[in-house]
Amino acid sequence: MAPSFPHAPLLIVEDDPAILELLEEELEDAGYDTLAAASAEDALATLSHSDVALVISDVRLPGISGLQLLQQLRTDGSDLGFIVITAFGTIDQAVESLKMGADDFLTKPLDLEGVREAVFRVLEHRRLAERFDRPARDEGFHGIIGDSEPMHALFRDATRLARSEAPILILGESGTGKELLARAIHAESPRAEGPFVAVNCASIPGELMESEFFGHRKGAFTGATDNRQGLFQTARGGSLFLDEIGEMSPNLQAKLLRALQEKSVKAVGAETEETIDVRIIAATHRDLEREIEVGHFRSDLFFRLETFSLRIPPLRERPGDIERLVSALIAKHAAAQEKRVERIEPAALQTLLDYPYPGNVRELENAVMRAVTLAEAGELSHADLPERLRQRQETQRRHAPSGTSQATRSEQGNWPSLEEVEKRYIQKVLDATGGNKRKTADILGIARRTLYRRLEEE
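If you're wondering where the values come from, they're calculated on a predicted model, not measured in any experiment.

Calculation rules
- Residues numbered from 1 in each chain as written.
- Predicted model: local features only at pLDDT ≥ 70, side-chain atom pairs only at ≥ 80, totals over all residues.
- Heavy atoms only, no water.
- Helix = DSSP H or I, 4+ residues; strand = E, 2+ residues; numbered from the N terminus.
- Buried < 20%, exposed > 50% of the residue type's maximum accessible area, 1.4 Å probe, protein only.
- Contact = heavy atoms within 4.5 Å.
- Areas by Shrake-Rupley, 256 points an atom, 1.4 Å probe, with all protein chains shown as cover.
- Expected span 1.5 Å × (residues − 1).
- pLDDT = per-residue confidence, 0-100.
- Polar contact = N/O pair within 3.5 Å; in protein donor to acceptor, adjacent residues only side chain to side chain.
- Phe/Tyr/Trp six-rings, centres within 6.5 Å; stacked < 30°, edge-to-face > 60°.
- Core = buried A, V, L, I, M, F, W, Y, C linked by side-chain atoms within 4.5 Å.
- Pairing = 2+ DSSP bridges.
- Axes fitted to C-alpha atoms, helices over the stretch in contact; angles between N-to-C directions.
- Salt bridge = Lys/Arg side-chain N within 4 Å of Asp/Glu carboxyl O.

Colleague: Would you take a moment to explain the overall build of the protein for this structure?
Modeller: Tallying secondary structure elements over the protein gives 20 helices and 14 strands in all. Within the protein, the proportion of its 458 residues that are buried is 46%. Summarising the internal contacts of the protein: among those between residues at least 6 apart in sequence, 69% fall at separations of at least 24. Entry remark: accessible area of the protein is about 23400 Å², with carbon and sulfur atoms responsible for 49%.

Colleague: Could you clarify how one ought to interpret helix 13 (residues 322-336) in this entry?
Modeller: Residues spaced three or four apart along an α-helix face the same direction, because each turn holds 3.6 residues. Compared with an ideal rise of 1.5 Å per residue, which puts 15 residues at 21 Å, helix 13 spans 21 Å between its outermost C-alpha atoms and is within 8% of the ideal. The element helix 13 is extensively covered by neighbouring structure, given that eleven of its 15 residues are classed as buried. When helix 13 is considered as a whole, its buried residues turn out to be Ile322, Glu323, Arg324, Leu325, Val326, Ser327, Ala328, Leu329, Ile330, His333 and Ala334. Following helix 13 by one or two positions, Glu338 adopts a phi angle in the positive range, close to 55 degrees.

Colleague: I tried to follow the confidence of the model for the protein on my own but got confused; where do I start?
Modeller: Note: predicted coordinates in regions of low pLDDT should not be interpreted at a detailed level. Across the protein, pLDDT averages 83, with 86% of residues at or above 70. Within the protein, strand 6 (residues 168-171) carries the highest mean pLDDT (96), whereas helix 17 (residues 405-412) carries the lowest (38). Of the regions scoring below 50 in pLDDT, residues 1-6 engages in 18 contacts with residues more than four places distant in sequence or in other chains. The low-confidence segment residues 402-415, where pLDDT is below 50, has eight contacts with residues more than four positions distant or belonging to other chains.

Colleague: Got a minute to help me understand helix 1 (residues 17-29) in this structure?
Modeller: Over its 13 residues, helix 1 extends 18 Å from the first C-alpha to the last, a length consistent with the 18 Å expected when each residue adds 1.5 Å. Looking at helix 1, one finds that the buried residues are Ile19, Leu20, Leu23, Glu26, Leu27, Glu28 and Asp29. Capping the start of helix 1 is the job of one residue whose side-chain oxygen sits 3.0 Å from the backbone nitrogen of Ala18: Asp16.

Colleague: For this particular structure, what's the right way to read the packing of aromatic side chains?
Modeller: How two aromatic rings sit relative to each other is set out by the distance from centre to centre and by the angle between their planes. Scanning all chains against the criterion turns up seven aromatic pairs. Measuring from centroid to centroid gives 6.1 Å for Phe196 and Phe241, while their planes differ by 20 degrees, and the two rings are stacked. With Phe196 in strand 7 (residues 196-200) and Phe241 in strand 8 (residues 239-243), this residue pair connects regions lying 45 residues apart in the sequence. The two residues Phe196 and Phe241 agree in class, both being buried.

Colleague: Whenever I open this one, the nonpolar core confuses me. Can you help?
Modeller: If you look at soluble globular proteins, the nonpolar side chains tend to sit buried side by side. Residues Phe213, Phe232, Leu240, Leu242 and Ile245 are the most contacted members of the largest nonpolar core, which totals 30 residues. Mapped onto this core, the elements with two or more residues apiece are strand 7, helix 8 (209-214), helix 9 (231-234), strand 8, helix 10 (250-262), strand 11 (279-284) and helix 12 (299-305). Considering every element that reaches this core, the biggest residue donor is helix 10, with five residues. Sequence-distant contacts of Phe213, that is, excluding residues within four places in its chain, are made with Val199, Cys201, Ile204, Gly230, Leu231, Phe232, Gln233, Leu242, Met248 and Leu252. One finds Ile145, Ala334, Leu352 and Val368 within the second-largest nonpolar core, a separate group that totals 26 residues.

Colleague: Teacher, can you tell me more about the environment of Glu306 here?
Modeller: Along the polypeptide, Glu306 turns up in the loop between helix 12 and strand 12 (308-311). Distance in space between the C-alpha atoms of Glu306 and Ala166 is 9.1 Å, their sequence separation being 140 residues.

Colleague: I would appreciate a short explanation of the sheet that holds strand 12 in the present structure.
Modeller: In a beta sheet, neighbouring strands pair by backbone hydrogen bonds and run either parallel or antiparallel. The strand order across the open sheet formed by five strands is 7-8-11-6-12, and the pairing between neighbours is parallel. Bordering the open sheet on either side are strand 7 and strand 12, each of which pairs with just one other strand. Averaged over all pairs of adjacent strands, the angle between strand axes in this sheet comes to 20 degrees, irrespective of strand direction. Direction of pairing for strand 6 relative to strand 12: parallel, over a ladder of four bridges. Bridge pairing in strand 12 places Ile168 opposite Phe308. In the packing of helix 7 (residues 178-188) onto the sheet, contacts are made with strand 6, strand 7, strand 8, strand 11 and strand 12, and the angle to strand 6 comes to roughly 150 degrees.

Colleague: Help me understand the pattern of salt bridges in this model?
Modeller: Enumeration over the complete set of coordinates arrives at 21 salt bridges. Here Asp147 ties to Arg324 by a salt bridge, and the two come within 2.7 Å at their closest N and O atoms. Pair noted here: Asp147 is in the loop between helix 5 (112-132) and helix 6 (149-162) and Arg324 is in helix 13, with a separation of 177 residues, a long-range link. A relative accessible area of 9% places Arg324 in the buried class. With its nearest N and O atoms 3.2 Å apart, the salt bridge here joins Glu363 to Arg388. Here Glu363, found in helix 15 (residues 360-374), pairs with Arg388, found in helix 16 (residues 387-399); they are 25 residues apart in sequence, far enough to count as distant. Judged by its relative accessible area of 40%, Arg388 is partly exposed. The network of salt bridges with shared partners includes Glu165, Arg191 and Asp277.

Colleague: What is the right way to look at the environment of Leu252 in this model?
Modeller: Relative to the assigned elements, Leu252 resides in helix 10. The exposure class assigned to Leu252 is buried, which follows from its relative accessible area of 2%. Spatially, the C-alpha atom of Leu252 lies 9.9 Å from that of Glu207, the residues being 45 residues apart in sequence. Each residue touching Leu252, except ones within four places of it in the same chain, is listed here: Met209, Glu210, Phe213 and Phe214.

Next up, the structure:
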């Protein structure tokens, strides 16, 4: 199993040259860089001037032992990943090393595949735990998580447009975080000290919409026992967020358009109008231009609202953000439930990365919240995830084609894809070097870890 992220070298502490060479070769073939030390003293000297991701140490060493090395590192406050390897392993020794802070315990003769898996697992767990220890990094843009280029572009545009007083229309599928973006725009605007008032237009009965938006006077209709301010008055000096504006009735659309044009509203039952001072931010998951074509939305209101528009990309268009979202959501819901969830099982993370999320970030959050609720022993496991995510991944695995070459050729004629050409060329060089991966990587002009990753993908 190849590493899935950049990392510092692994430090192997082993006084047996044959075992040391075996471990170096195996781990370098897996895509890791390695450093070597023949004693714990040499290891401490290396650690004093080199960044290391993980220590893999034999217990029996000349001088101080591997367990003493581990104890000294923990006493010095280091939380460096540590795997203990010994030919004299006992249950008591395993328990002792784990109590001292070891991440794993392996015995000789070594199962090399087991070594790879242990290294991968420890690095994955440590990486995720480190992210949980830095919650501020996951705060994102006013609570919106996103490191991908589409999200960075969105944040830049939102910051720039926030300075304007013109209406903004936010477009995006359900669950993408349209209200979060509206709140971020308000926070970046000159109106940030004023109120932010949000209303879901789809949740207000049609007969009450006018009263809700513009207010009413006592006795204006049955049940109006007092004067009441509307949303425009409540949001005075701030921002009024109209979510799902595509659900607004045609009659109210006309009144909203007039309010925007005249900058005044008239409460139900009132004889005079009053000036309004609000910034309108609207949002919808509907195609408003299509709604205009079928007569469900006014074109003049659309053009007024769409002075500026922002589109939030669905989660499937920014898969690189999923892992950071998972990290932030685990921390959020673990804190809310007063649980300490320090790790996520690599298989669980992979399932979350593979799912397409038709419900977008809202669906991902619901899945993570459920998993955190079920998680035990500080780890979110694959079994904690919703069944639909686990079943979909299993179905994909069973029905995945052995390759894509036939599909590519059927669509593009007889031309092979660039991916196919690259794989063939790598294999030809590999054959010519007699399977020597180091020499193959040198000839191809790529790093060995890149070659190992390409071979893993075949």
